[in-house]
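Remarks on the overall topology
Take a look at the letters that make up each chain.
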Amino acid sequence: MTLDMAIVLGLAVGAIVLFATERLRIDLIAMLLMGTLLLLGLVSPDEGVAGFSNPATVTVAAMFIISAALYRTGAVLVLGRASAWVFERNVWAGLVVMMVSVGLLSAFMNNTPVVAIFMPIVLSVAATVRISPSKLLMPLSFASMFGGVCTLIGTSTNLLVSAIAARSGYEPFHMFEFTRFGLVLFAVGTAYMLLVVRWIPDRRAVQELTREYGMGRYMTEVELQEDACSIGFPLAESPLVQEVGVEILEINRRGHRIFVPHPRTELQAGDTLRVVCDVDRIKSLAERQGIRLKPRKLKDTDMETAETVLVEAVVAPGSVLVGETLKSSRFRNVFGANVLALRHRGTVVHEKLGNTTLLGGDVLLIEARSDHLDILRNHEAFVMVSEVALPVFRREKALLALAVVAGVVVTAALGIVPILVSAVAGSVLLVLSGCLQPEEAYHAIDWKVIFLLAGALSLGTALENSGAAVMLSSLLIKTAATLGPVAVISGLYLATSLMTESMSNNATAVLLAPIAIGAAQLMNVDPRPLLMAVTFAASASFMTPVGYQTNTMIYGVGQYRFRDFLRVGGPLNLIFWVLATFLIPVFWPLTPLTPLP
């Protein structure tokens, strides 16, 4: 082992640890990796920044825009409403229609907006048919992954591995090259979910949000009497806030409601304050001079008026709120809304809400002004769960958006233009036609993913330049030498699947794709079957709520526990592994090595 090999492998291991522990943002890890490789001279400046102009990176950015256009025009909503209609007549038929619809959409667009559209529909249907939403949300997330592996543009990982193959001198993947095996996984996965859905725990009951979040014990109304010591003080400086530590959500002053009052609002005698605090503080309020408690049994209707609405919102994976607190993000000032409670990794938090560090998948119970709802709807930081909070769609542009996407797919599938060209042209047409505004197009791109791809690709180049990829490939081959190339495919699929459960699927693919190519070269076989093992495994993450972004999105909403994913997703991962081991060599035979000239 040379010094360069040792350094590159050390950096790779360090990156894996950082990705798995999430101590730093994934894009920051990727940029840190790129900078280190450049400083140490392990990649040239051109190689270091080549990831930004890589066809996969540009195509992924264009596909984010195309997916956003389908979302904004409401093209996705049609299948969502159809699923709801079937659900209300037959739950089992509805489940099949939902999974097929989600899978079909996810084959041609980013699955995050697909799940974002279907989540509120699923929750509404669950309330109508009196079934726990937990039974439906996991099949929803898994179906989006089943569909994503059916086409080249189904996931960014497919595009990424295709670009790595092309960079190494091999033919890139075709649009529907994944489809035959992808449909096998789709059919088996759907049948499996229909079989095990009855054993998915009923984690979330169908009930009012105020009851579900236990708000009755943490919210009350108090009236300031003439001798109250807080009278005359600005809200932020009043003894109620400074000494008792309550959060004042609203002031009712002689019939006039002041929602999300300004910290400088002066408190007056006769004010009725709606406050949030814990039980002990509520008791201390009752003992304070000049304060009269007005207890009542809290219902959702008490929170919703013509001016205000109660909604649930998921902190989107990778959003600007991840790693922030409600205080540091100035949530009340920015969004003009109150966060009443927070479901954080399975636990409902009422106390010290402002100091809780937010994570992707956390669910916020929000009371918002009706005229501020659009701010929440249209902000990329959230995935709105309540149907009332779905955005206003440009329905008149839906057919146009579908036509453009069909053009992107057909031209790339027929080989008329490369997928990079058709995707970029399609994204530009969607903006020019008004399906998406330019600002929305910029916001639609998940820049963390773009920087992750660019930085991780530099590590892939360093693995190849240093010879570390070939060394790891020979170790893999030696380990599986007695079992043959099929065992190498099986080993690559298993390694990729396990790594993806704890770190970014794109980072996993970038690390293992060069090893797959090196192993193929040493065995003198076409690397395609080995690359397919990496590609399919990286996009089939069922065992943990953090292995894939759609699992993270449903984690808090469905009130799942970590072990729920392990119990349901673990056997599915094993089934897919066995299918990949035996069927990938059938669909992509291990033919002699034939690189492009």
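Described below are features of the structure shown in this document.

Quick look at the side chain of Thr155 now. Looking at the secondary structure, you find Thr155 in the loop between helix 8 (134-148) and helix 9 (156-167). Those residues in contact with Thr155, other than ones at most four positions away along the chain, are Gly148, Ser539 and Tyr548.

Within the secondary structure, Thr36 sits in helix 2 (residues 26-39). A relative accessible area of 24% means that Thr36 is categorised as partly exposed.

Below, the discussion takes up the layout of surface pockets. Using a probe with the size of a water molecule, rolled over the atoms, empty space left in the structure can be pinpointed. Estimates place the volume of the second largest pocket at around 820 Å³. Elements supplying a minimum of two residues to the lining of the second largest pocket: strand 2 (247-253) and helix 15 (331-335). Top contributing element to the lining of the second largest pocket by residue count: helix 15, with three residues. Of the residues assigned to the lining of the second largest pocket, the class counts are 14 nonpolar, five polar and eight charged.

Membership of the largest hydrophobic core comes to 154 residues, with the highest contact counts inside it found for Met119, Phe142, Phe146 and Met193. Membership of the second largest hydrophobic core comes to 22 residues, among which are Val311, Ala337, Leu364 and Ala381.

By the secondary structure assignment, Val125 is in helix 7 (residues 111-129). Those residues in contact with Val125, other than ones at most four positions away along the chain, are Ala84 and Phe87.

This part covers helix 23 (residues 505-523). The end-to-end C-alpha distance of helix 23 is 26 Å, a good match for the 27 Å that 19 residues give at a rise of 1.5 Å each. Counting buried positions along helix 23 yields 17 of 19 residues, so the element is predominantly enclosed.

Before going further, it helps to examine the sheet that holds strand 5 (residues 291-293). The five strands lie next to each other as 3-2-4-1-5, forming an open sheet whose pairing is antiparallel. The strands lining the two open edges of the sheet, one partner per strand, are strand 3 (256-259) and strand 5. Along the sheet, successive strands turn relative to each other by an average axial angle of 25°, direction set aside. When strand 2 meets strand 4 (residues 272-276), the two strands line up antiparallel, connected through five bridges. Opposite Ile248, over in strand 4, you have Val275 as the bridge partner.

In contact at an axis separation of 9 Å, helix 4 (residues 55-72) and helix 17 (residues 398-413) are set at 150° when each is read in the N-to-C sense. As judged from the angle between their axes, helix 4 and helix 17 are roughly antiparallel. For the crossing formed where helix 4 meets helix 17, the hand is left-handed. Two secondary-structure elements touch here, helix 4 through Ile66, Ala69 and Leu70 and helix 17 through Ala401, Leu402, Val405 and Val408. In terms of residue class, the contact of helix 4 with helix 17 is made up of seven nonpolar, no polar and no charged.

Among the eleven residues of helix 24 (residues 528-538), eleven are classified as buried, and the element is accordingly described as predominantly covered. Buried residues of helix 24: Arg528, Pro529, Leu530, Leu531, Met532, Ala533, Val534, Thr535, Phe536, Ala537 and Ala538, and no others.

What follows is about the pairing of strand 7 (residues 337-344). Counting buried residues in strand 7 gives eight out of eight residues, a clear majority hidden from the surface. In this sheet, strand 9 (residues 363-369) lies alongside strand 7 in antiparallel orientation, the contact comprising six bridges. In the strand pairing of strand 9, Leu342 is matched with Leu364. Across three bridges, strand 7 lies against strand 8 (residues 347-349) in antiparallel orientation. Bridging across to strand 8, Leu342 finds its partner in Val349.

Calculation criteria
Residues numbered from 1 in each chain as written. Predicted model: local features only at pLDDT ≥ 70, side-chain atom pairs only at ≥ 80, totals over all residues. Heavy atoms only, no water. Helix = DSSP H or I, 4+ residues; strand = E, 2+ residues; numbered from the N terminus. Contact = heavy atoms within 4.5 Å. Buried < 20%, exposed > 50% of the residue type's maximum accessible area, 1.4 Å probe, protein only. 1 Å grid on protein atoms, 1.4 Å probe; cavity = no way out; pocket = protein on both sides within 12 Å on 5 of 7 lines; lining within 4 Å. Points joined across faces, edges and corners; volume = space filled by probe spheres on them. Nonpolar A, V, L, I, M, F, W, Y, C, P; charged D, E, K, R; others polar. Core = buried A, V, L, I, M, F, W, Y, C linked by side-chain atoms within 4.5 Å. Expected span 1.5 Å × (residues − 1). Pairing = 2+ DSSP bridges. Axes fitted to C-alpha atoms, helices over the stretch in contact; angles between N-to-C directions. Parallel < 35°, antiparallel > 145°, perpendicular 65-115°, else oblique. Left-handed = near helix turned anticlockwise from the far one by under 90°.

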